[in-house]
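So the chains spell out like this:
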Amino acid sequence: MTMNPIEQNLQNVREKIASAAACGRYPHAVTLLAVSKTKPVAAIEEAIASGQRGFGENYVQEGVDKVLYFREVMPQVALQWHFIGPLQSNKSRLVAEHFDWCHTVDRHKITQRLSEQRPAALSPLNVLLQVNISGEASKSGIKPADLPALAATVAALPHLTLRGLMAIPAPESDYARQLAVFQSMNDLFAQLKLHYPQVDTLSMGMTDDMSAAIAAGSTLVRIGTAIFGTRDYPQHV
Ligand SMILES: *Cc1c(COP(=O)(O)O)cnc(C)c1O
């Protein structure tokens, strides 16, 4: 049987993850999150048919539409939906009500809202704190120095579970420099784990820098282009 293109791409990405993990200093399991933003449900269906279960979405309404669609057409398949885009306060309720994870928590106000808005019938929302690891090059994420206070806030909220850290470093083509930035994230992750035993997730690595991210200790890579092809409309709308 010939594979569909997405199935083939997924297989290639899984192989790349396995070899990066084998060469890295941290050969623990790395989860593959398929970033399906801007892609139609048909593409997600192909990925599901190839065994993929975790999906990342950047735009709240588009993501919610997909969550509801798959709950309707495939209620028997347990998918995990991760919100990975910039989160505005006025959209927090939709994230709290429909997603399993939020990777982009970077301020106190949003943590309060997400916890209050998380339906009591659902398990707590899994939260990653987004770190601005490239300094002034990026506007999202908190400064490393402010991490302990935000972590303490999240850990104290009843409907959130602090699971770890996330970063989107400034684009960098040199492997050694990619690695250095990811290693500084892994240092912050190690610090956080000392205080919070439930912390187990370091979300870093995209299509162009996944090997360095895994070598530096990533536990979850967020891959869009290498699975679904290039996107038709820009990443930041
Ligand atoms: C779009 C996006 C990705 C996937 O990027 P690719 O380069 O297509 O793999 C990962 N993480 C975030 C936060 C994104 O916005």
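Residues numbered from 1 in each chain as written. Predicted model: local features only at pLDDT ≥ 70, side-chain atom pairs only at ≥ 80, totals over all residues. Heavy atoms only, no water.

J.: Teacher, can you tell me more about the overall build of the protein here?
T.: When helices and strands are tallied, the protein shows nine helices and eight strands. For 237 residues, the compact-globule estimate of 2.2 N^0.38 gives 18 Å, and the protein sits close to it at 17 Å. The buried share of the protein, taken over its 237 residues, is 50%. Here the contacts in the protein between residues at least 6 apart in sequence split such that 64% fall between residues at least 24 apart. A total accessible area of about 11300 Å² is found for the protein, and carbon and sulfur atoms account for 55% of it. For the protein, the centre of its 21 positive side-chain charges and the centre of its 21 negative side-chain charges are spaced 4 Å apart. (Helix = DSSP H or I, 4+ residues; strand = E, 2+ residues; numbered from the N terminus. Rg over C-alpha atoms; globule rule 2.2 N^0.38 Å. Buried < 20%, exposed > 50% of the residue type's maximum accessible area, 1.4 Å probe, protein only. Contact = heavy atoms within 4.5 Å. Areas by Shrake-Rupley, 256 points an atom, 1.4 Å probe, with all protein chains shown as cover. Lys, Arg positive; Asp, Glu negative; His and termini not counted. Charge placed at Lys NZ, Arg CZ, Asp CG, Glu CD.)

J.: So what exactly am I meant to see when it comes to the site of the ligand here?
T.: Close to the ligand lie 14 residues, the nearest being Lys37, Asn58, Thr207, Gly224 and Thr225. Separating an oxygen atom of the ligand from a backbone N or O atom of Gly224 is a distance of 2.8 Å. In the complex, 95% of the free accessible area of the ligand, which totals 380 Å², lies under the protein chains. Split into classes, the residues belonging to the shell around the ligand amount to six nonpolar, five polar and three charged. (Near = heavy atom within 4 Å. Polar contact = N/O pair within 3.5 Å; in protein donor to acceptor, adjacent residues only side chain to side chain. Nonpolar A, V, L, I, M, F, W, Y, C, P; charged D, E, K, R; others polar.)

J.: Could you clarify how one ought to interpret the environment of Pro119 in this entry?
T.: Mapped onto the fold, Pro119 is located in the loop between helix H5 (108–117) and strand S5 (125–130). For the pair formed by Pro119 and Gln88, sequence separation is 31 residues and the distance between their alpha carbons is 19 Å. The residues touching Pro119, leaving out its near neighbours within four places in the chain, are Ala96 and Glu97.

J.: Is there a simple way to explain the side chain of Asn132 in this structure?
T.: Secondary-structure assignment places Asn132 in the loop between S5 and helix H6 (147–156). Exposure remark for Asn132: the relative accessible area of 13% places this residue in the buried category. Polar contacts involving the side chain of Asn132 include one to the main-chain carbonyl oxygen of Gly135, which spans 3.1 Å.

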